[in-house]
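Now for the letters of each chain:
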Amino acid sequence: MNRWLALLLAAVSLHAAVIRGTVVNQEGGEALSQAWVMLQAVSGSGGATRTAQTDSFGMFAFSPVPAGAYLVSATRQYSVPAYYGQKRWNSAGMPVVVEANDSLTLSIRMHRFGAITGRVLDENDVGILGHEVLAYRDAKPVQIIARATTDDYGRYRLFGLAPGTYLVRSAAKTVDGVGYLPAFAPGSQEMDQARRVDAVLDQDSTGIDVHPAQGRLFEVAGVVSGGAPVELTLAGETGRQTISASGAFRFNPVAPGQYELYATAPSPANCRASGISGAYTSFPVDRDMTGLTVALSCVVPTSITYSVERSATGRNSLNPALRARRVDLAGVGDTVSLGNGPAYAVFAPGQWEIQLQPPAGYSVTGYYQSNSGLGLGSRPDGWNAFTARGYGSVWFSLSSGTGSMRGAVTGTDREAAMGAPVYLEAYDPKSKTRIGELRTVQTGAHGAYQFSGLAPGVYRVLATFEYVGPDTATMELSGARTVSLVGSDPQTLDLDLFVLP
Amino acid sequence: MFKYLLFALTCGALQAAAIRGRVVEKQTGHPLARALVVVHPLDGSNGATASARSNPNGSFEFPGLPAGWYLVSAAKTGFAGVEYGQKRWSSAGTPVALEESGEIEMNLALPHSGAVSGRVIDENDVGIPNCTVFVYRNTRPPEVAGQATTDDRGVYRVSGLSPGAYLARTAILNSAIGVYLPTFARDSVTVGGAIASEAALDRDTLYADVRPMAGRLTTVAGRVSSPGPARASVTVTLVSDMGSQSQTTGLDGRFAFDRVAPGAYDIYAQAAAANSAGTLAAWRPIEIGANGADISLDLAPLPSVQFSFVDTSGKRVDSSGLPFLTRRKDLSGPGKTEYLRLDAGGQTRLDPGRWEVALGPTASWYVVRVSGAGAHASSGTAAGWNEIAVAPGNAAIAVEVVLSPHPATLRGLVGDGGQPASGAPVYLEAIDPGSGIRWGGLRATRTGVDGRYSFAGLAPGMYRVASTFEYQAPDAAAMSRAGARDVRIEEGGKVDLDLDLWVMP
C-alpha cells in the first residue's frame, strides 16, 4: 500500500493518462476477446466509472484517463470475474495509480469456473441415458447450483461452478419401466452419506459416478378446474416440474417426499381485480396420487400499506421499490419487481418473500402480514416471508431516521488504506445469519468509508482485500466487527484492514 | 445356410422350443438390462412375432415357441439395434432354425450409436459457449440429424448417429463485437467447402471443430394483408434448412425478422378466418440477399386441391380404398407422412407450400404420372414421391393422377449352393435406364422358409435386384458389389427371376 499511497494524488489532474492492457485465459494464455473491462475510480480520485470491451486480440484501452487511483476488473461469460491485483480468485483487486501523462499496461488473467464430471450407472455399470444430475452447494439450506443431463454413455458434466464443496445428485427417473430414486454420489439417498466434491478453477473434477437405487416412483395426477390453460408447478427438493393443462394433468413420476403444487391461470373475465386465479397445496407423496383435485379461485390483489414514522412527507411521494420472489421446496425463485410504492400487488397463492427498498434517507422498520403475522426473523429491512392465500394485506413501516456508519480503514503499515473494500451485513445474532444482501463500498483516497440509509439493528462490518463478497462465515473468520445501530445517530467506527496471515 | 437348412421344418411342430440368451454392451461386455428383444418368424414359419425385455442380468427367454425359422433382434435407447447373425453393423441378420423341443442360446452385443463432437472456437482458439450446432447427414441438400449446444469450453457432441458422413454447422451467432454466419466445419459458409466427419459405432468422432465466420445479417420485413377487416395474431414463419422461426403480427400486419443470414427461405403466414370459417394462409419461397427483403403476403383461404384419379384409358378410378400418402416438404426437410384425406368429390384443402404425394404399397395399382400444380417426380419416378406446388390464392388447383391397373410382379427363388436360402434379404431398386442412377427408394423383403421372394405393385421399367446378408440397406454401389441382376419389367408382367445368394468373398 505504501508504494501506492506515496504516489497518491490529492486532486484530479488535468493531464490525461492511458490505461491499456490485455485479458488472457489463465489455462492456455490465449487472448480473450469480448471481455468487459471496468475502470472504477477510487472515491476522491480520478474520473467516472468506464467500461470497454476487449477486441479480437484481447486488448482494451482507456484513454484519456485523469490521473488518480483506479480499480480495474474484467468479466466474461463462464469466466470468474477478475480484479487486477487480486491475490487469489476470490480476493478483491488492488487499486492502480496513474499520474498525468502515464501510460500503464496491465495484464489480466481470467480463470474458468470449475466443473464436475462423472457417470450415472445402472446395476451393471452401464450408463443411463438422459438422467438429470444436480449440483448442490454443501451448505444449508440446500440450493441447486447447476444441472446437467447424461449422454448415451451416462456421462454428465456440471459446469460454471465457483470453487467450493458440492454434492452431486441424480434426479428421479423412470427408464424402460424401472424407477430410479434420487441418489447422491456415489449412491446414497441420505445427504450425510453423500460424497463431498471440490470444484477447482480451470479444472474438471472427474470420476464422480452415481449409482442410483431402483425404487418405486409415484404418479401425481388429477384434474384442475377452469377451462383456460392452467400452469401447474410441482416443486420438491430435487427441483420443479411445470406443465400446462386444461382439465386433466399428470406430472412425470416423482420420488417419495414432500411436495408443493401451485397453479395459476389467466382469468380476466371472472377475476377482474387481479386477472388471475390460482391454487396452492402442499402434501407428502408416499403413494400414487392420481385423484388430486385442484380448485382455482380468484386471486384478490394484496393491499400494501406504508406508514411513515417521524416524517411530514406523505407516503405517496416516497415510492419505495417493492420486490418479491417465490420460495418453494426447490429453493428461491427469480426476483421480480412489483414497481414503486404499489398500493396493491398480485401474488399467486404460495410462499413468497418480499422486500421493500426505501428511498434515500429512509429505512424499513416494520413489517406485518395479515395471513400469518410477522415474517422471517426480526429484521423487516431484509426479505420478509409472505404466505399468499389469494387475499390478505401487508403493512410496511418506514422511518425517516436512518442510521449511518462511517470511519477510516488503516492498513498494516498504519497508513490509510485506499480503495479497500468494506463489507457490511445486517446480522441476526440469534440465528447467526445474514439478513438481506451484503453491502459493499470502497474506501476513498484517504481510507474513509461510509454507509448510510441503515435501519436500526445489529450489523457486522469488515474491511479487507482478501475476499470479494464474503459470506457470513468468512466475515466471522476474518474478525468482522459487530455494531448495533439505534435510531438515527451516526456511528463512527475505524477499522483495521484484515490481511490473511 | 446348409447347417440351418438341414434343420428346416416344412410345417409347424407341435412341441414347443425356446430361444434364450443375453444382451450385453459390446464395448464392455456388461449385461444390458431392459433391452427390447424381438423374435420374428419368417414367412412360412408358424407362430407370431413376440417381444420381451432382458432381465437385470441381461438375460431373455422366449419359451414355448413353435419350431421354425426366426429373426432375432435387440434394441435399447442410446444403442444401435442389432439383428442376430449380423457380420457387421451394415449387414443383415441371419435367421435361426429352431427344432422341435430345441433350444437356442445366443449373445446379442449392442454397440453404442455414433457421435460427432468438436469445439466451436473463436479467432484465438477460445471455446464459444452456448452456441447451437447442427449436425447434418452429408447429403445434398444436407438433412439435419441432430443438434447440440456448446458448453463452457465450446465443446458440443451430437450422439445417436448411424455410421456415415456428417457435416457440423453452427447456427447464427450474435455477439457484442460482431455477427457470425452459420459456418460448416471446418470454416466454410457454403456446403461445398465443408469437411465431413465420419461417424462410427462405439466411438466419438472428434475434432469436428468450427470457427464461425464473421459476416453480415440482414432483415426480412414485410406486411401481411388479409381479406376483410384487419386482423391481429397472424403467425408468420420463416423456414430455412437451419430450422424455422415464427412471429405474431399486430393489427398493422407488419412483421420483421432481424438477424437473418442470406440464403433460400420459405415464408408462411397463417391466421384463423373470421366466424371460425377455417384458416387463412399465405406462402412464398424467397431468396434473401445481403440487403434483406421486403415481403408482402396476401392471406387467402386455404387453397382447394382437386385430385382426379384416372386409369391409363382415361377412365375414372375410385380412389377411396387406395393408400395415397402425402407430406409437407419445406427447406428444413420432409414433414410427417400422412394419408391424403379427400372428400367425396376428391377435394382437399392444403396449406400453401410444397407437398409430396405418393401411392403407398398396393399390389393392384401403380402411378404412371402425376400432372398439374407443377408436379414432378421428386424421386425420379412417378411411382415414388411426386412434388406439387400448392399456390396460395382462391384459384382451384387440379392434380391428375394417372394409375395403371396392371402393376408387375417380380418373384423367384434365392439359392445358396443349390439349396433354397431361407430368410435371405432381397433388395430391389428402380434405375434410370439412361444414367443407371437409382430412382426412388430401395425396396427390401426376405425370402420365406422355402427360399422364395416376391415384389408386387411394380411399375414397368428397369430394375436391379440382389440377395445378400452382407448389407442391410445397400446403396447403388453396394448393389453392384453384391452382383445385382438387371431386370426389365413390362406393364403387368409376372417376372420370375431366381437369384444366387451373394456372400462377400
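### Concerning the overall build of chain B
Counting secondary structure elements, chain B contains two helices and 45 strands. Along the longest, intermediate and shortest principal axes, the C-alpha atoms of chain B span 80 × 65 × 45 Å. Across the 505 residues in chain B, those meeting the buried criterion constitute 50%. In chain B, 69% of the contacts between residues at least 6 apart in sequence involve partners at least 24 apart. When the accessible surface of chain B is summed, it comes to about 22,500 Å², and 51% of that surface belongs to carbon and sulfur atoms.

### Remarks on the interface of chain A and chain B
Across the boundary between the two partners, chain A contributes 32 residues, which contact 33 residues of chain B. Taken over both partners, the interface formed by chain A and chain B buries close to 2,600 Å², and the fraction arising from carbon and sulfur atoms is 46%. Area buried by chain A at its contact with chain B is led by Asp152(A), Tyr153(A) and Asp176(A), which between them contribute 23% of it. Linking chain A to chain B there are eleven salt bridges. A salt bridge links Arg112(A) to Asp152(B); its shortest N-O distance comes to 3.6 Å. At the boundary of chain A with chain B, the tally comes to 14 residue pairs in polar contact (both at pLDDT 80 or more). Counting only elements with at least two residues in the side of chain A that touches chain B, the list comes to β12 (155-161) and β15 (178-180) of chain A. In terms of residue count, β12(A) provides more of the side of chain A that touches chain B than any other element does, four residues in total. The residue inventory of the side of chain A that touches chain B, partitioned by class, reads eleven nonpolar, nine polar and twelve charged.

### Thoughts on the pairing of strand β23 (residues 263-272) of chain B
All names here are of chain B. Burial of β23 is extensive: seven of the ten residues sit out of reach of the surface. Examined bridge by bridge, strand β20 (residues 235-240) and β23 share five bridges and lie antiparallel to one another. By the bridge assignment for β23, Leu238 is matched with Ile267. Where β23 lies against strand β24 (residues 279-288), ten bridges are found, and the strand directions are antiparallel. By the bridge assignment, Ala264 is partnered in β24 with Glu287.

### Re the state of the cysteines
Residues and elements named next belong to chain A. Considering all chains together, one arrives at one disulfide over all chains under this definition. Disulfide pairing places Cys271 opposite Cys298 at an S-S distance of 2.0 Å. An S-S torsion of about -80° defines the bridge between Cys271 and Cys298 as left-handed. In this pair, Cys271 sits in the loop between β23 (257-266) and β24 (276-285) while Cys298 sits in strand β26 (residues 297-298), placing the two residues 27 residues apart along the sequence.

### Some words on the environment of Pro359(A)
Residue and element names in this part refer to chain A. Residue position: Pro359 is located in the loop between β31 (350-357) and β32 (363-369). Each C-alpha atom of the pair Pro359 and Ala321 lies 8.0 Å from the other, and the pair is 38 residues apart in sequence. Setting aside anything within four residues of it in sequence, one finds Pro359 in contact with Leu318 and Pro320.

### Focus: the sheet that holds strand β9 (residues 114-119) of chain B
Residue and element names in this part refer to chain B. Reading across from one edge, β12-β9-β17 is the order of the three strands in this open sheet, with mixed pairing throughout. Each edge of the sheet is formed by a strand with only one pairing partner; in this case those strands are β12 (155-161) and β17 (204-205). Pairing of β9 with β17 involves two bridges; the strand directions are parallel. Within the sheet, the bridge partner assigned to Val116 lies in β17 and is Thr205.

### Brief notes about unusual backbone geometry
Residue Pro186(A) is reached from Ala185(A) by a cis peptide bond, and omega for that bond is 5°. Among the structural elements, Pro186(A) can be located in the loop between β16 (183-184) and β17 (197-199). For the bond from Ala185(B) to Arg186(B), the omega torsion is -15°, close enough to zero to count as cis. Following the sequence through the fold, Arg186(B) ends up in the loop between β15 (178-181) and β16 (197-199). Positive phi is not limited to glycine here, since Arg414(A) has a value of about 65°. Its relative accessible area of 58% is what places Arg414(A) among the exposed residues.

### Quick look at the pattern of salt bridges
Pairing between side chains becomes possible if they bear opposite charge and their charged atoms approach one another. A full pass over the atoms with the stated rule returns 49 salt bridges over all chains. Ionic pairing is found between Glu132(A) and Arg147(A), a salt bridge with its closest N-O pair at 2.9 Å. Highlighted residues: Glu132(A) in strand β10 (residues 132-137) and Arg147(A) in strand β11 (residues 144-149), separated in sequence by 15 residues. In this structure, the salt-bridge partner of Arg411(B) is Asp496(B), at a minimum N-O distance of 3.3 Å. Pair noted here: Arg411(B) is in strand β37 (residues 408-416) and Asp496(B) is in strand β44 (residues 494-496), with a separation of 85 residues, a long-range link. Several salt bridges share partner residues, and in doing so they unite Glu27(A), Arg112(A), Arg157(A), Asp204(A), Asp151(B), Asp152(B) and Arg153(B) into one network.

### Examining the confidence of the model for chain A
Residue and element names in this part refer to chain A. Residue-level pLDDT values for chain A average 89, and 93% of them are 70 or greater. In the model of chain A, helix α1 (residues 2-7) stands out as the element of lowest mean pLDDT, 43, in contrast to strand β9 (residues 114-119), which has the highest, 98. Across residues 1-14 the pLDDT falls below 50, and counting only partners more than four positions away or on other chains, this stretch makes 31 contacts in the model.

### Digging into the packing of aromatic side chains
Centre distance and the angle of the planes are the two values used to describe a pair of aromatic rings. If you walk through the whole model with that rule in mind, you get 18 aromatic pairs over all chains. Ring plane angle 55° and centroid distance 6.0 Å describe the contact between Phe255(B) and Phe257(B), whose orientation is recorded as tilted. Consider the rings of Phe309(B) and Phe324(B), whose centres lie 4.7 Å apart with planes at 40°: the pair is tilted. Of the two residues, Phe309(B) sits in strand β27 (residues 304-311) while Phe324(B) sits in strand β28 (residues 324-330), which places them 15 residues apart along the sequence. For the pair formed by Phe309(B) and Phe324(B), the shared burial category is buried. One aromatic cluster in this structure is built from Tyr306(A), Tyr367(A) and Phe396(A). In this structure, Arg88(A) packs its charged tip against the face of Tyr467(A), placed 5.7 Å from the ring centre. The ring of Tyr427(A) has Arg460(A) sitting right over it, with the charged end atom 4.0 Å from the ring centre.

### Things to note about the side chain of Gln369(A)
All names here are of chain A. Looking at the element boundaries, Gln369 is found in strand β32. By relative accessible area, Gln369 is classed as buried at 1%. A polar contact is formed between the side chain of Gln369 and the backbone oxygen of Ala385, at a distance of 3.1 Å. A polar side-chain atom of Gln369 sits 3.3 Å from the main-chain amide nitrogen of Thr387. Not counting chain neighbours up to four residues away, the residues in contact with Gln369 comprise Ala385, Phe386, Thr387, Ser393 and Val394.

Procedures and definitions
Residues numbered from 1 in each chain as written. Chains lettered and ligands numbered in written order. Predicted model: local features only at pLDDT ≥ 70, side-chain atom pairs only at ≥ 80, totals over all residues. Heavy atoms only, no water. Helix = DSSP H or I, 4+ residues; strand = E, 2+ residues; numbered from the N terminus. Buried < 20%, exposed > 50% of the residue type's maximum accessible area, 1.4 Å probe, protein only. Contact = heavy atoms within 4.5 Å. Areas by Shrake-Rupley, 256 points an atom, 1.4 Å probe, with all protein chains shown as cover. Buried area = accessible area lost by both parts, 1.4 Å probe. Salt bridge = Lys/Arg side-chain N within 4 Å of Asp/Glu carboxyl O. Polar contact = N/O pair within 3.5 Å; in protein donor to acceptor, adjacent residues only side chain to side chain. Nonpolar A, V, L, I, M, F, W, Y, C, P; charged D, E, K, R; others polar. Pairing = 2+ DSSP bridges. Disulfide = S-S within 2.5 Å. pLDDT = per-residue confidence, 0-100. Phe/Tyr/Trp six-rings, centres within 6.5 Å; stacked < 30°, edge-to-face > 60°. Lys NZ or Arg CZ within 6 Å of the ring centre and 35° of its normal.

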